[in-house]
Amino acid sequence: MTAPTVIDGAALLDEVEAFHRRFNVFPTEAAYVAVALWDAHAHLIDCFETTPRIAFLSPEPGSGKSRALEIVELLTPRPVATVSASANALYRLVDSAEGLPTVLFDEVDTIFGPKAGADEALRGFLNAGYRRIGGALRCVGEGSNQNAQVFNSYCAVAMAGLGSLPDTVLTRSVIVRMRKRAPNEKVEPYRQRIHEKQGHALRDRLAKWADSVRDQVAQAWPDMPEGVSDRPADVWEPLLAVADAVGGDWPGRARAACLELISAAHDNDEASLGVRLLTDLRDKVFCGADRMPTAAIIECLLRMDDAPWGDLDDKPINSRTLARLLGQYVTPANKPIKPRGIRTPSGFPKGYYAEDLTDAWTRYCPPSPEESATSATSATPQVSRGESVADTATPIRHMSAEAATQPTLTH
């Protein structure tokens, strides 16, 4: 009896990575690692509790997103490419008896724009299908003969689009931020008639390897890199389990890629304006002060050239917007953060107390830079122990449009 052929998983995944490199220019080495692992995980999706989405995003067209999706399509099981599928159609597709599909969404930015409307159901599909227990309750039948039925939505999903995605989708995704190719970055021209067969041959070998390690992977609980927990750990656990099953240098490369891409996602994440506000208040406004009038807070925020506070929906932040953003979070006493009166020598203005913000700072903000308090204090008006901002700093006066048209006088 001939012994079954043992497939070298590490060598096979090296080939998958090399196949992507022929046609895709990804922004970092970590991206090649993540995409190859994602391709393999799609063949083992029944082994996991979650399946991370992978999103190829860019600020401009012509950055290679659609090509990346095409190569993923060649390497994954039962791929279904779409740009306009309805949520109901996708629920029925996933719930069919033919096996879990790999859904590939191109131009996903058209789904989540400001006028998405009915496409919000697709967001529900993407979010619910991230976990194995996800699903949707739908009415099935004709006319008045309707019955409630739960449709499964758990499946692998790859996306490509311009701009960003909703926070609920981003946090469930491995993000690859694509760029236009530089003049010195070359790729092999993709020819479907030739390269589709090569990709499918790799896909079939991936499927055979996956069958050989399925029991092992189903029982795996991979060690996470230091500091990776909660949602990022859920996203990366299947990919690290694949890397450990593959062996070779992939476990080390996978964990390095995990840390790099999680860090990059935080650096580029614009979804949570509230967290940005809390962090700026801690590191660049309060800087150790125990209270701050609203007027002084807004003055400090508007001084930050690299911050969004001067242009929120085409107007600068004001006291109402500040109260709305902070009101999403709670004090240590579990009450919404609200402005309170601050006694000063010159009056009793409304403002905010550091003691009300400390719980939100601890829970939501990244660790404070070592030099943040020192570097920001000298440039920030400090208000504490009932002092008025007018007593401690000369405020910046924002000229009105009328004043700005007056000639400048020189002496």
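The sections below set out a description of the structure shown in this document. Since the model is a prediction, treat every value here as computed from it, not as a measurement.

Cut-offs used in this document
- Residues numbered from 1 in each chain as written.
- Predicted model: local features only at pLDDT ≥ 70, side-chain atom pairs only at ≥ 80, totals over all residues.
- Heavy atoms only, no water.
- Helix = DSSP H or I, 4+ residues; strand = E, 2+ residues; numbered from the N terminus.
- Buried < 20%, exposed > 50% of the residue type's maximum accessible area, 1.4 Å probe, protein only.
- Contact = heavy atoms within 4.5 Å.
- Areas by Shrake-Rupley, 256 points an atom, 1.4 Å probe, with all protein chains shown as cover.
- Pairing = 2+ DSSP bridges.
- Axes fitted to C-alpha atoms, helices over the stretch in contact; angles between N-to-C directions.
- Core = buried A, V, L, I, M, F, W, Y, C linked by side-chain atoms within 4.5 Å.
- Phe/Tyr/Trp six-rings, centres within 6.5 Å; stacked < 30°, edge-to-face > 60°.
- Arc of directions from axis to C-beta.
- Polar contact = N/O pair within 3.5 Å; in protein donor to acceptor, adjacent residues only side chain to side chain.

A few points about the overall build of the chain
Okay, step 1: What the chain contains, in helices and strands, is 16 helices and 10 strands.
Okay, step 2: In the chain, which comprises 411 residues, the share counted as buried stands at 44%.
Okay, step 3: For the chain, contacts bridging at least 24 residues in sequence account for 72% of all contacts bridging at least 6.
Okay, step 4: Accessible area of the chain: about 21,800 Å², with a carbon and sulfur share of 51%.

Details of the sheet that holds strand S3 (residues 102-105)
Okay, step 1: Spatially, S2-S3-S6-S1-S7 is the arrangement adopted by the five strands of the open sheet, whose pairing is parallel. Since the sheet does not close on itself, it has two edges, and those belong to strand S2 (79-82) and strand S7 (173-177), each with one partner. Between one strand axis and the next, the sheet turns by 15 degrees as a mean value, whatever way the strands run.
Okay, step 2: Two strands pair when backbone bridges link them, and S2 and S3 are joined in this way by four bridges, in the parallel orientation. Pairing of Val80 across the sheet is with Val103, part of S3.
Okay, step 3: Packed onto the sheet, helix H3 (residues 65-75) meets strand S1 (53-58), S2, S3 and strand S6 (156-162) and runs at close to 165 degrees relative to S6.

Some words on the nonpolar core
Okay, step 1: Ranked by internal contacts, the top residues of the largest apolar core, which has 63 residues, are Phe56, Trp209 and Trp236.
Okay, step 2: Not counting the four nearest positions on each side in its chain, Trp209 is found in contact with Ile7, Gly9, Leu12, Ala40, Leu44, Val242, Ala245 and Val246.
Okay, step 3: Counting residues in each nonpolar core, the second largest holds 27 residues, with Ile297, Ile298, Leu301 and Trp361 among its members.

Regarding the packing of aromatic side chains
Okay, step 1: Counted according to the given criterion, the structure contains six aromatic pairs.
Okay, step 2: Geometrically, the ring pair formed by Phe19 and Phe23 is edge-to-face, given 5.3 Å between the ring centres and 70 degrees between the ring planes. Here Phe19 and its partner Phe23 are both found in helix H1 (residues 9-23), four residues apart, which amounts to about one turn of the helix. This pair shows no difference in class: Phe19 is buried, exactly as Phe23 is.
Okay, step 3: When the centroid spacing of 5.5 Å and the interplanar angle of 85 degrees are considered together, the rings of Phe23 and Tyr190 count as edge-to-face. Here Phe23 is found in helix H1, whereas its partner Tyr190 is found in the loop between S7 and helix H7 (192-218), with 167 residues between them in sequence.

Concerning helix H12 (residues 319-326)
What sets the pattern is the α-helix's 3.6 residues per turn: residues three or four places apart point alike.
Okay, step 1: Turning to H12, its buried residues are Thr321, Leu322, Leu325 and Leu326. Looking straight down H12, one finds that the buried residues subtend no more than 125 degrees of arc, so they occupy a single side. In H12, the exposed positions that point more than 90 degrees away from the buried face belong to Arg320 and Arg324.
Okay, step 2: Contacts made by the buried residues of H12 are with helix H10 (273-286), helix H11 (294-302), strand S10 (350-353) and helix H13 (354-364).
Okay, step 3: N-capping of H12 is provided by Asn318, with a side-chain oxygen placed 3.1 Å from the backbone N of Arg320.

Side note on the side chain of Asp359
Okay, step 1: With respect to the helices and strands, Asp359 occurs in helix H13.
Okay, step 2: Of the polar contacts made by the side chain of Asp359, one reaches the side chain of Arg363; its length is 2.9 Å.
Okay, step 3: Once residues lying within four places of it in the same chain are set aside, the contact partners of Asp359 are Val330, Thr331 and Pro332.

Let's talk about the pairing of S10
Okay, step 1: One ladder, built from three bridges, connects strand S8 (residues 291-293) with S10; its direction is antiparallel. Directly across from Arg291, in S10, lies its bridge partner Tyr353.
Okay, step 2: The pairing of strand S9 (residues 340-341) with S10 spans two bridges and is classified as antiparallel. Note that in S10 the partner of Arg340 across the bridge is Gly351.

Some thoughts on the sheet that holds S10
Okay, step 1: The three strands are arranged S8-S10-S9 in an open sheet whose pairing can be described as antiparallel. Of all the strands in the sheet, the pair left with one neighbour each is S8 and S9.
Okay, step 2: Running over the sheet, H11 touches S8 and S10 and is turned about 85 degrees from S8.

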